[in-house]
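Coordinate inspection notes
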Amino acid sequence: RPAPAPAPLATSRRPSRRIMVGPVPVGDGAPVSVQSMTTTPTADVNATLQQIAELTAAGCQIVRVAVPSQDDADALPVIARKARIPVIADIHFQPRYVFAAIDAGCAAVRVNPGNIKKFDDKVGQIARAAADAGVPIRIGVNAGSLDPRLLARHGTATPEALVESALWECSLFEEHGFTDLKLSVKHHDPRVMIAAYRQLAARCDYPLHLGVTEAGPLLQGTVKSAVAFGVLLAEGIGDTVRVSLSAPPVEEIKVGRQILQALGLQERTLEIVSCPSCGRAQVDVYRLTEQVSAAFDGFPIPLRVAVMGCVVNGPGEAREADLGVASGNGKGQIFVKGQVVATVPESQIVDALIEEALKLADAGAED
Ligand code: SF4
């Protein structure tokens, strides 16, 4: 029989307040959710809604849109109403767009204290408007736009400076009785970012949004984010995540979900256990793995599928998976739940796996 799934890595999540981003609970043990940000001009309503739909289909749970101009602010009511997931308005520089976003029905607003110079004297009004509308606010501190006063004091964007900025901004809202907050302290260096989040986690009970900012292109950004999120989430720190990539935002969602699934914090949809191939391989493992990944993309039930190149580790891994193939001599032994059910030529392996997967899905539907 396949081995039972191991427990999630973190033994317990960091206790925190809970906020609601639209219908999505964040903090206080709620499932860690995956976010991304649209890359279309927000004022282009159709393009933005189209991208939000693609992100939603990929598993995005909360989406952020940039609001750099009045045209973008004007587009928010339609976007907030038509998107199927909660929309957060991302606002730098202009407090008046915060009010527009709240009025537009956005699920939350992200502000960056370093970039809102005339923010301090508006906090009371923002707190009142947000409280009246039940809209939480994320205070998003970024190393690249740290408040100049803190930069001068700390010399550079140290973990202490990032945390001080976030907590100082919180205190402004707290003075007005507003605590419906989520915080982030992003840095491009995972070591600084990890240190900052650890300090922040110890010094407040607000939910935390994790991000390695400007993490870079797909491979580098994936590795940086996986390392940083892995460390923090394994310590129970983090309530939402955004993988920042110089790549289409759907990739951010795929990577974010893979990280959560690898940590046992989100149910696996599809897991491919495939070998790296070596001189013993008796089929083209790379091609077979690609074909299996493509064939099972979006499969309606969660599955672990093993694709193994020879009999050294093949039968063992194939037996542990829901479905598997152990190859040898240009043929594949097809395993289902630990049992060999067929032996087929290499050209028929993918079809045979799909056929067996459909039987599993049918059996599951009948349970
Ligand atoms: Fe090599 Fe076989 Fe292991 Fe694949 S399963 S890496 S082909 S020894």
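About the cut-offs
- Residues numbered from 1 in each chain as written.
- Predicted model: local features only at pLDDT ≥ 70, side-chain atom pairs only at ≥ 80, totals over all residues.
- Heavy atoms only, no water.
- Helix = DSSP H or I, 4+ residues; strand = E, 2+ residues; numbered from the N terminus.
- Buried < 20%, exposed > 50% of the residue type's maximum accessible area, 1.4 Å probe, protein only.
- Contact = heavy atoms within 4.5 Å.
- Areas by Shrake-Rupley, 256 points an atom, 1.4 Å probe, with all protein chains shown as cover.
- Lys, Arg positive; Asp, Glu negative; His and termini not counted.
- Charge placed at Lys NZ, Arg CZ, Asp CG, Glu CD.
- Pairing = 2+ DSSP bridges.
- Axes fitted to C-alpha atoms, helices over the stretch in contact; angles between N-to-C directions.
- Polar contact = N/O pair within 3.5 Å; in protein donor to acceptor, adjacent residues only side chain to side chain.
- Salt bridge = Lys/Arg side-chain N within 4 Å of Asp/Glu carboxyl O.
- Parallel < 35°, antiparallel > 145°, perpendicular 65-115°, else oblique.
- Left-handed = near helix turned anticlockwise from the far one by under 90°.
- Nonpolar A, V, L, I, M, F, W, Y, C, P; charged D, E, K, R; others polar.
- Disulfide = S-S within 2.5 Å.
- UniProt positions renumbered as here; feature names shortened; annotations may be inferred.
- Right-handed = clockwise from strand over helix to strand, strands pointing away.

In terms of regular secondary structure, the protein is built from twelve helices and 15 strands. A principal-axis box enclosing the C-alpha atoms of the protein has dimensions of 75 × 40 × 35 Å. Taken across its 367 residues, the protein has 53% of its residues classed as buried. Summarising the internal contacts of the protein: among those between residues at least 6 apart in sequence, 63% fall at separations of at least 24. Within the structure as shown, the protein displays about 16300 Å² of accessible surface, and the carbon and sulfur contribution to it stands at 52%. For the protein, the distance from the average position of its 35 positive side-chain charges to the average position of its 40 negative side-chain charges is 3 Å.

This part is about the sheet that holds strand E15 (residues 339-345). Taken in spatial order, the five strands make up an open sheet running E11-E12-E13-E14-E15, and their pairing is mixed. Looking at which strands have only one partner, the edges of the open sheet turn out to be strand E11 (270-274) and E15. The average angle at which neighbouring strand axes cross in this sheet is 20 degrees, direction not considered. As paired elements, strand E13 (residues 323-328) and strand E14 (residues 331-336) share six bridges and run antiparallel to each other. In the strand pairing of E14, Ser327 is matched with Gly332.

Within the secondary structure, Arg242 is located in strand E10 (residues 240-242). Within the local environment of Arg242, its side chain forms a polar contact with the side chain of Glu252, the two groups lying 3.0 Å apart. Not counting residues up to four positions away in its chain, the partners in contact with Arg242 are Gln35, Ser36, Met37, Arg64, Lys186, His209, Leu210, Gly211, Val212, Phe229 and Glu252.

Here we come to the pattern of salt bridges. Close approach of charged atoms allows side chains with opposite charge to pair. Under the counting rule described, the total for this entry stands at 16 salt bridges. Put simply, Arg64 and Asp90 hold a salt bridge, and the shortest N to O gap is 2.5 Å. In this pair, Arg64 is assigned in strand E4 (residues 62-66) and Asp90 in strand E5 (residues 87-91), connecting sequence segments 26 residues apart. By relative accessible area, Arg64 is classed as buried at 3%. Between Arg268 and Glu271 there is a salt bridge, with its nearest N and O atoms 3.3 Å apart. One salt-bridge network, held together by shared partners, links Arg13, Arg14 and Asp239.

So, about the packing of helix H6 (residues 159-174) against helix H7 (residues 190-203). Where H6 contacts H7, the two axes come as close as 8 Å, and the packing angle between them is 40 degrees. Put simply, H6 runs oblique to H7. Pair H6 / H7 crosses with right-handed handedness. Across from Pro159, Glu160, Leu162, Val163, Ala166 and Leu167 in H6, the residues of H7 making contact are Val192, Ala195, Ala196, Gln199, Leu200 and Arg203. For the contact of H6 with H7, the per-class residue count stands at nine nonpolar, one polar and two charged.

The next point concerns the side chain of Gln261. Looking at where Gln261 falls in the secondary structure, it is placed in helix H9 (residues 249-262). With residues near it in sequence (within four places) discarded, Gln261 still touches Gln266, Glu267, Arg268 and Thr269.

This part covers the state of the cysteines. As enumerated under the stated definition, the model contains zero disulfides in all. Here Cys170 stays free of any disulfide, with the sulfur of Cys204 as its closest cysteine sulfur at 6.2 Å.

On to the UniProt feature "binding site: [4Fe-4S] cluster" (unreviewed entry) in the protein, then. Cross-referencing UniProt, the feature "binding site: [4Fe-4S] cluster" (unreviewed entry) maps to Cys275, Cys278, Cys310 and Glu317 in the present numbering. With respect to the helices, strands and loops of the structure, Cys275 is situated in the loop between E11 and helix H10 (285-296). Cys275 sits in the buried class, given a relative accessible area of 18%. Setting aside anything within four residues of it in sequence, one finds Cys275 in contact with Val285, Val307, Met308 and Gly309. Assignment of secondary structure puts Glu317 in helix H11 (residues 314-320). Judged by relative accessible area, which is 34%, Glu317 ranks as partly exposed.

Before going further, it helps to spend a moment on the pairing of strand E3 (residues 33-37). Along any regular strand the residues' side chains alternate between the sheet's two faces. With five of five residues buried, E3 is to be regarded as a mostly interior element. Alternating positions in E3 separate into two faces, Ser33, Gln35 and Met37 on one and Val34 and Ser36 on the other, with burial throughout. Looking at chain direction, E3 and E10 are connected through three bridges and run parallel. Residue pairing in the sheet places Val34 in a bridge with Val241 of E10. Where E3 lies against E4, three bridges are found, and the strand directions are parallel. Bridge pairing links Gln35 to Ile62 in E4. Each parallel crossover has a hand, and the one from E3 via helix H1 (residues 45-58) to E4 is right-handed.

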